[in-house]
Amino acid sequence: MAVSPSRLELLKALGDDTRYAVYRQLAGAPAPCSTAEVAEALDLHPNTVRPHLERMREVGLLAVETEGRGGVGRPQHRYSLAEDAPWLGLEARPMPLLARLLAGLAASTGAGPEDAAEIGRAQGRAAAAALPTAELDRLADLGDDGAACLEALTTELQQMGFDPAVSGTGAATEVAFTRCPFAALAEAHPEIVCHLHRGMVDGFVSTLGGVRVAGFSTLVDRMPCRVELVPT
């Protein structure tokens, strides 16, 4: 069966490794992203990403919104998947919209940081309890509950897209989140999203044991966000 010219252009566009990586990034983003945000997420220069975004827009893969800055300089473009873009099994299309709606609903009903943290703790406890037996055995072989918990946490954060960076000596260890997969939602609703994350970390480490959360800095406090862990 012949492929229509427009469909063929879509397939050609996604045949490029960089464009495919951009497509995956935008498919999982909770909100439209700027060129700089896509470039930072993929560790590329914006000048590298920009022509790929434009090419994908030309063939109908992406929709673009223009965000006026209200001052000097060019308006910023924000990209998202086009409504009729092909679904590649990366994420159900309604999920980013649902996340925005639920965050807005929580904020409008008066949910506060501690309410969000408690929901996050339940998720963190569930994630820790779901670790495979083989992984728990490997962590146990480390012979240090604190080190095992820290390694499990950083692996979990890495899989979620937070790109954790561990530092610190002595009694305290700091884990910075150099990338936030929920950045757009967190900027709009930090009192909900940041504290969901705080609760998730707290629930995870309290279930595994060995360390506890001594402090958590959200994007309201400092950048990047980070958690301070101390031995139990």
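The sections below set out a description of the structure shown in this document. Since the model is a prediction, treat every value here as computed from it, not as a measurement.

### Points about the sheet that holds strand β1 (residues 33-34)
Step number 1: Read from one edge to the other, the open sheet built from three strands follows the order β1-β3-β2, with strand pairing classed as antiparallel. Of all the strands in the sheet, just β1 and β2 (62-67) have a single pairing partner and so form its edges.
Step number 2: Where β1 lies against strand β3 (residues 76-81), two bridges are found, and the strand directions are antiparallel. Pairing of C33 across the sheet is with Y79, part of β3.
Step number 3: Each of β2 and β3 touches helix α4 (residues 46-58); the most contacted strand, β2, lies at about 115° to it.

### Here we look at the packing of helix α8 (residues 145-160) against helix α10 (residues 190-208)
Step number 1: Following both chains from N to C, one finds α8 and α10 inclined at 145°, their axes separated by 10 Å at the closest point. Seen along the crossing, α8 lies across α10 with a hand that is right-handed. Mapping the contact onto sequence places C149, A152, L153, E156, L157 and M160 in α8 and H197, M200, V201, F204, V205 and L208 in α10.
Step number 2: Residue composition of the contact of α8 with α10, grouped by class: ten nonpolar, one polar and one charged.

### A few points about the sheet that holds strand β6 (residues 211-217)
Step number 1: Read from one edge of the open sheet, four strands run β4-β5-β7-β6, paired in antiparallel fashion. Each of the sheet's edge strands pairs with one partner strand only, and the pair in question is β4 (164-167) and β6. Across the sheet, the axes of successive neighbouring strands diverge by a mean angle of 25°, strand direction being ignored.
Step number 2: Sheet strands in contact with α8 are β4, β5 (173-177), β6 and β7 (226-231), and its direction is about 155° off that of β4.
Step number 3: Against the sheet, α10 contacts β5, β6 and β7, and its axis sits at roughly 170° relative to β6.

### Examining the packing of aromatic side chains
Note on aromatic pairs: each is described by the distance of the centres and the angle between the planes.
Step number 1: Evaluated as defined, the whole model comprises three aromatic pairs.
Step number 2: Between F162 and F182, the aromatic rings sit 5.7 Å apart at their centres with planes inclined by 75°, giving edge-to-face as the arrangement. Taken together, the positions of F162 in the loop between α8 and β4 and F182 in the loop between β5 and α9 (183-188) put the pair 20 residues apart, joining distant regions of the chain.
Step number 3: When the centroid spacing of 5.8 Å and the interplanar angle of 35° are considered together, the rings of F177 and F216 count as tilted. Taken together, the residues F177 in strand β5 and F216 in strand β6 connect sequence positions 39 residues apart.
Step number 4: With a relative accessible area of 5%, F177 lands in the buried category.
Step number 5: By relative accessible area, F216 is classed as buried at 15%.

### Looking at the packing of helix α2 (residues 17-28) against α4
Step number 1: Here α2 crosses α4 at 75°, and the two axes come no closer than 10 Å. The angle between the axes of α2 and α4 places the two elements in the roughly perpendicular class. Contacts between α2 and α4 pair T18, R19, V22, Y23 and L26 from the former with H52, L53, R55 and M56 from the latter.
Step number 2: Across the contact of α2 with α4, the residue classes break down as five nonpolar, two polar and two charged.

### Here's the deal with the side chain of T35
Step number 1: Assignment of secondary structure puts T35 in helix α3 (residues 35-42).
Step number 2: What makes T35 buried here is its relative accessible area of 10%.
Step number 3: In this structure, T35 is in contact with P46, V49, R50, L53, H77 and Y79, ignoring residues within four places of it in sequence.

### Observations regarding the pairing of β3
Step number 1: Two strands pair when backbone bridges link them, and β2 and β3 are joined in this way by six bridges, in the antiparallel orientation. By the bridge assignment for β3, A63 is matched with S80.

### Overview of α4
Step number 1: Across its 13 residues, α4 extends 18 Å between first and last C-alpha, which sits within 8% of the 18 Å expected from 1.5 Å per residue.
Step number 2: The complete set of buried residues in α4 reads V49, H52, L53 and M56. Seen from one end, α4 has its buried residues packed into an arc of 105°, which puts them on one side. Residues of α4 that are exposed and angled more than 90 degrees away from the buried face: N47 and E58.
Step number 3: Each element contacted by the buried residues of α4 is listed here: α2, α3, β2 and β3.
Step number 4: Once α4 ends, the next one or two residues include G60, with phi positive near 95°.

Analysis parameters
Residues numbered from 1 in each chain as written. Predicted model: local features only at pLDDT ≥ 70, side-chain atom pairs only at ≥ 80, totals over all residues. Heavy atoms only, no water. Pairing = 2+ DSSP bridges. Helix = DSSP H or I, 4+ residues; strand = E, 2+ residues; numbered from the N terminus. Contact = heavy atoms within 4.5 Å. Axes fitted to C-alpha atoms, helices over the stretch in contact; angles between N-to-C directions. Left-handed = near helix turned anticlockwise from the far one by under 90°. Nonpolar A, V, L, I, M, F, W, Y, C, P; charged D, E, K, R; others polar. Phe/Tyr/Trp six-rings, centres within 6.5 Å; stacked < 30°, edge-to-face > 60°. Buried < 20%, exposed > 50% of the residue type's maximum accessible area, 1.4 Å probe, protein only. Parallel < 35°, antiparallel > 145°, perpendicular 65-115°, else oblique. Expected span 1.5 Å × (residues − 1). Arc of directions from axis to C-beta.

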